[in-house]
Amino acid sequence: QVQLVESGGGLVQPGGSLRLSCAASGRPLSNYVVGWFRQAPEKERLFVASITWSGTGTLYADPIKGRFTISRDNAANIVYLQMTNQKPEDTAGYYCAASESGRKGEPGVTDFNSWGRGTQVTVSS
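**Student:** What's the story with the layout of surface pockets in this structure? I'm lost.
**Tutor:** Empty space among the atoms becomes visible once a probe the size of a water molecule is rolled across them. Estimated volume of the largest pocket: approximately 200 Å³. Those elements giving two or more residues to the lining of the largest pocket turn out to be β5 (46–51) and β6 (58–60).

**Student:** Help me out: how do you make sense of the sheet that holds strand β8 (residues 78–83) in this one?
**Tutor:** Adjacent strands of a sheet pair through backbone hydrogen bonds, lying either parallel or antiparallel. In spatial order, the strands read β1-β3-β8-β7; together these 4 strands make up an open sheet with antiparallel pairing. With one partner strand each, in any of the chains shown, β1 (3–7) and β7 (68–73) form the two edges of the open sheet. Adjacent strand axes in the sheet meet at a mean angle of 15°, parallel and antiparallel pairs treated alike. Bridge count for strand β3 (residues 18–25) against β8 is 6 bridges, and the pairing is antiparallel. Residue pairing for β8: L20 is matched across the bridge by L81.

**Student:** Just to check I follow, could you spell out the packing of aromatic side chains for this structure?
**Tutor:** Any aromatic ring pair is given by two values, namely how distant the centres are and how the planes are angled relative to each other. Applying the stated criterion to the full structure yields 4 aromatic pairs. With centroids separated by 5.8 Å and ring planes inclined at 75°, the aromatic side chains of F37 and F47 adopt a geometry described as edge-to-face. Of this pair, F37 sits in strand β4 (residues 33–39) while F47 sits in strand β5; the two residues are 10 residues apart in sequence, bridging distant segments of the chain. You'll find F37 and F47 in the same group, each marked buried. Ring centres of F112 and W115 lie 6.3 Å apart, and the angle between their planes is 70°; on these two criteria the pair is classed as edge-to-face. Judged by its relative accessible area of 7%, F112 is buried. The rings of F37, F47, F112 and W115 are connected pair by pair, giving a single aromatic cluster. The cationic tip of R45 hangs over the ring face of Y95; the distance from NZ or CZ to the ring centre is 3.6 Å.

**Student:** Help me understand unusual backbone geometry in this model?
**Tutor:** In the Ramachandran plot, E42 falls in the positive-phi region, its phi being about 60° despite a non-glycine side chain. Relative to the elements of secondary structure, E42 occurs in the loop between β4 and β5. Residues other than glycine seldom take positive phi values, yet N85 does so here, at roughly 45°. With respect to the helices and strands, the residue N85 is situated in the loop between β8 and β9 (92–99).

Quick notes on the rules
- Residues numbered from 1 in each chain as written.
- Predicted model: local features only at pLDDT ≥ 70, side-chain atom pairs only at ≥ 80, totals over all residues.
- Heavy atoms only, no water.
- 1 Å grid on protein atoms, 1.4 Å probe; cavity = no way out; pocket = protein on both sides within 12 Å on 5 of 7 lines; lining within 4 Å.
- Points joined across faces, edges and corners; volume = space filled by probe spheres on them.
- Helix = DSSP H or I, 4+ residues; strand = E, 2+ residues; numbered from the N terminus.
- Pairing = 2+ DSSP bridges.
- Axes fitted to C-alpha atoms, helices over the stretch in contact; angles between N-to-C directions.
- Phe/Tyr/Trp six-rings, centres within 6.5 Å; stacked < 30°, edge-to-face > 60°.
- Buried < 20%, exposed > 50% of the residue type's maximum accessible area, 1.4 Å probe, protein only.
- Lys NZ or Arg CZ within 6 Å of the ring centre and 35° of its normal.

Encoded structure:
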């Protein structure tokens, strides 16, 4: 099973940018569809974005469309989430997840079987 480690979180002002990384080990990341999810305190974990095995297909949740971009570098075994024009409501723990199989439509947490431990993003002035 692939192991995932997120990094790049931190404190950012509204309107600012951060880039999160999801580094994989144990198996080639190219074998997996990768997704980003986020979870605010006492809230459920919600889909943010996903990217297909080769990176040709991406999907975004409505609240972050036009502000976040998911990309991947399979040679480096890393998936990125570039976040721009951030808002206080983006504050959450961000988790990357991997699945060997894809699906049509917006995936849920049960569609992924490998998860990282998360990285905290706080958007505040």
